[in-house]
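# A look at the structure
In case you want the letters, here they are:
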Amino acid sequence: MIDVSNLYQNRYGKKTDQNFSKIDITPLINSIISRASVRKFSKKNISKELLTLLLTAAQSAPSKSNLQQYSIMVIQNQSLKNEISKLIGDTKWALTAPVFLLFLADIRRNIKITNHKGYNHKNNNVDTFMNGVIDSALSMQSMISASESIGLGICPISMIRNIIEEVKNLCKLPKGVFPIAGLALGWPDEKSPVSIRLPQDIVTHYNTYNEKNLMDKINQYDERVFKVAPIERNKQRHIDIYGVAKKGTWSENISRQLSVAERKDFKKWLKNHGFSLE
Ligand SMILES: Cc1cc2nc3c(=O)[nH]c(=O)nc-3n(C[C@H](O)[C@H](O)[C@H](O)COP(=O)(O)O)c2cc1C
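A brief structural summary.

Basis of the calculations
- Numbering of residues starts from 1 in every chain and runs along the sequence as written.
- Selection of residues for local features in this predicted model requires a pLDDT of at least 70, selection of side-chain atom pairs for listing and counting requires 80 or more, and totals for whole chains, interfaces and linings are taken over all residues.
- Side-chain numbers come from the whole structure's heavy atoms, not from hydrogens or water.
- Helix and strand definitions follow DSSP, with helices as H or I runs of at least four residues and strands as E runs of at least two, each counted in order from the N terminus.
- Only C-alpha atoms enter the radius of gyration, while the globule expectation follows 2.2 Å times N to the 0.38, with N the number of residues.
- Classification of residues uses two cut-offs on accessible area relative to the type maximum, computed with a 1.4 Å probe and protein chains only: under 20% is buried, over 50% is exposed, and between them is partly exposed.
- Contacts are assigned to residue pairs that have any heavy atoms within 4.5 Å of one another.
- We count Lys and Arg on the positive side and Asp and Glu on the negative side, and we leave His and both chain ends out.
- All charge positions are set by atom: Lys at NZ, Arg at CZ, Asp at CG, Glu at CD.
- A molecule or strand has a residue near it when one of that residue's heavy atoms lies within 4 Å.
- N or O atoms closer than or at 3.5 Å make up a polar contact, with two conditions inside protein: a donor-capable atom paired with an acceptor-capable one, and, for residues adjacent in sequence, both atoms drawn from side chains.
- Surface exposure here means Shrake-Rupley accessible area, sampled with a 1.4 Å probe, where a residue is shielded only by the protein chains that are shown.
- The residue classification treats Ala, Val, Leu, Ile, Met, Phe, Trp, Tyr, Cys and Pro as nonpolar and Asp, Glu, Lys and Arg as charged. All others, Gly included, are polar.
- By convention in these notes, a salt bridge is any Lys or Arg side-chain nitrogen within 4 Å of a carboxyl oxygen on Asp or Glu.
- Working definition of a nonpolar core: buried Ala, Val, Leu, Ile, Met, Phe, Trp, Tyr and Cys residues. They are joined through side-chain atoms within 4.5 Å.
- Two rings belonging to Phe, Tyr or Trp (six-membered ring only in the last case) form a pair when the distance between their centres is within 6.5 Å. Interplanar angles under 30 degrees mark stacking, angles over 60 mark edge-to-face geometry, and anything in between is tilted.
- Throughout this description, the term charge over a ring refers to an Arg CZ or Lys NZ atom that lies within 6 Å of the ring centre and within 35 degrees of the ring normal.

### Focus on the overall build of the chain
When helices and strands are counted, the chain shows 12 helices and 4 strands. Against the 2.2 N^0.38 benchmark of 19 Å for 278 residues, the chain shows a C-alpha radius of gyration of 21 Å, consistent with a compact globule. Projected onto its principal axes, the C-alpha positions of the chain cover 60 × 50 × 45 Å. By the burial criterion, 38% of the 278 residues in the chain qualify as buried. Once local pairs closer than 6 in sequence are excluded, the contacts in the chain between residues at least 24 apart make up 75%. In the chain, the 40 positive side-chain charges and the 25 negative ones have mean positions that sit 4 Å from each other.

### What about the site of the ligand?
The immediate surroundings of the ligand are formed by Arg-35, Ala-36, Ser-37, Arg-39, Trp-93, Cys-155, Pro-156, Ile-157, Ser-158, Met-159, Ser-195 and Arg-197. In the model, a nitrogen atom of the ligand is placed 2.8 Å from a nitrogen or oxygen of the Ser-158 main chain. A distance of 3.2 Å is found between an oxygen atom of the ligand and a backbone nitrogen or oxygen belonging to Met-159. Bound to the protein, the ligand loses 63% of the 620 Å² it would expose on its own. Residues that form the shell around the ligand fall into these classes: 6 nonpolar, 3 polar and 3 charged.

### So, the pattern of salt bridges
For the structure on display, the rule yields 8 salt bridges. The salt bridge partner of Arg-256 is Glu-252, with a shortest N-O separation of 2.7 Å. Residue Arg-256 and its partner Glu-252 are located together in helix H11 (residues 250-258), separated by 4 residues, close to a single helical turn. Given a relative accessible area of 7%, Arg-256 falls into the buried group. For Glu-278, the salt bridge goes to Lys-271, with nearest N and O atoms at 3.7 Å. You can call Lys-271 partly exposed: its relative accessible area is 41%.

### What to know about the nonpolar core
Ranked by internal contacts, the top residues of the largest apolar core, which has 29 residues, are Ile-46, Met-143, Phe-178 and Leu-185. Listing elements by their share of this core, those giving two or more residues are helix H3 (48-59), strand S2 (99-106), helix H6 (126-149), strand S4 (177-186) and helix H12 (266-272).

### So, the side chain of Ser-71
Structurally, the position occupied by Ser-71 is in strand S1 (residues 70-75). A relative accessible area of 17% means that Ser-71 is categorised as buried. Within the local environment of Ser-71, its side chain forms a polar contact with the side chain of Arg-109, the two groups lying 3.0 Å apart. In contact with Ser-71, not counting residues within four places along its chain, are Leu-102, Phe-103, Leu-104, Asp-106 and Arg-109.

### Looking at the packing of aromatic side chains
Within the structure shown, the criterion is met by 7 aromatic pairs. Both rings, one in Phe-129 and one in Phe-275, keep their centres 5.7 Å apart while their planes meet at 80°; by these two values the pair is edge-to-face. Here Phe-275 lies in the segment after H12 and Phe-129 lies in helix H6, a separation of 146 residues in the sequence. Each member of the pair, Phe-129 as well as Phe-275, is classed as buried. Residues Phe-178 and Phe-275 carry aromatic rings whose centres are separated by 5.4 Å and whose planes lie at 90° to one another, so their mutual orientation is edge-to-face. Note that Phe-178 is positioned in strand S4 and Phe-275 in the segment after H12, a separation of 97 residues in sequence. Phe-275 carries the same exposure label as Phe-178, and that label is buried. Here the basic side chain of Lys-44 rests over the ring of Trp-187, its NZ or CZ set 4.3 Å away from the ring centre.

### Remarks on the environment of Leu-87
Note that Leu-87 resides in helix H4 (residues 78-87). Of the residues examined, Leu-87 reaches a relative accessible area of 35% and is grouped as partly exposed. Along the backbone, Leu-87 and Val-167 are 80 residues apart, and their C-alpha atoms lie at a distance of 9.1 Å. Other than its neighbours up to four places away in sequence, Leu-87 contacts Ile-163, Glu-166 and Leu-170.

So, in structure tokens, the structure goes:
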């Protein structure tokens, strides 16, 4: 039987006094709670049939009004991988995975269908944009959970949005279709540590939003993370601006990251690429 207390402790870096002994969890829940992103893959391939099964899992995710406003691009072609690899800087390891996918928000297909049926599509707006992004994200998560439950490793890749124009051209993404993220998928060649998450009393709010003692709780969280995984110099953000952090904590690092604007032209790019965002 799976030790749930242990799973909890590994995920939060602390014990709970709750008694989970009556809960008999499934291997899938075990896999979800003990997962970690993988950034090193073996050369072993993923069979066509397995990939088909995982794509079926992706498409089994819920979808807003069953509008299914997403697409998935499978990139296996080596020369295309090489092209993307050349552009993506330090993230080139992601293209060494046997399969690299793009999860695409896709409002184009339903615009075409609506017009073909003789109607005017009047929903190219921020709500549809968000629904497409959510659909795409849920399908990615469904594929992630299915993949990890059978021992595959994954890493989502938002770096793809740093080279979005180049990826658009290489993958011939038409207007109304954009990658929310890439996904590196393959058999792991490393055992990644479980990363400690914020405690439930910060993230979960019962009935009303509650920020009580937030910074105290964050300090405690920082300490727990720092004890097992201090953020080393090479992972610290913006050393060029702020210097090496006195203490490589989670809150220091995310604050540094968020203090510098990223992807400033993204909205403009989306607007030029068929998303009106009204
Ligand atoms: C939308 C999204 C984009 C991500 N993009 C990247 C990326 O470009 N490069 C990378 O190394 N990791 C990326 N990650 C992985 C996160 O860094 C990782 O999930 C996080 O550090 C927590 O670690 P864990 O997944 O092992 O629990 C991304 C994750 C998500 C959800």
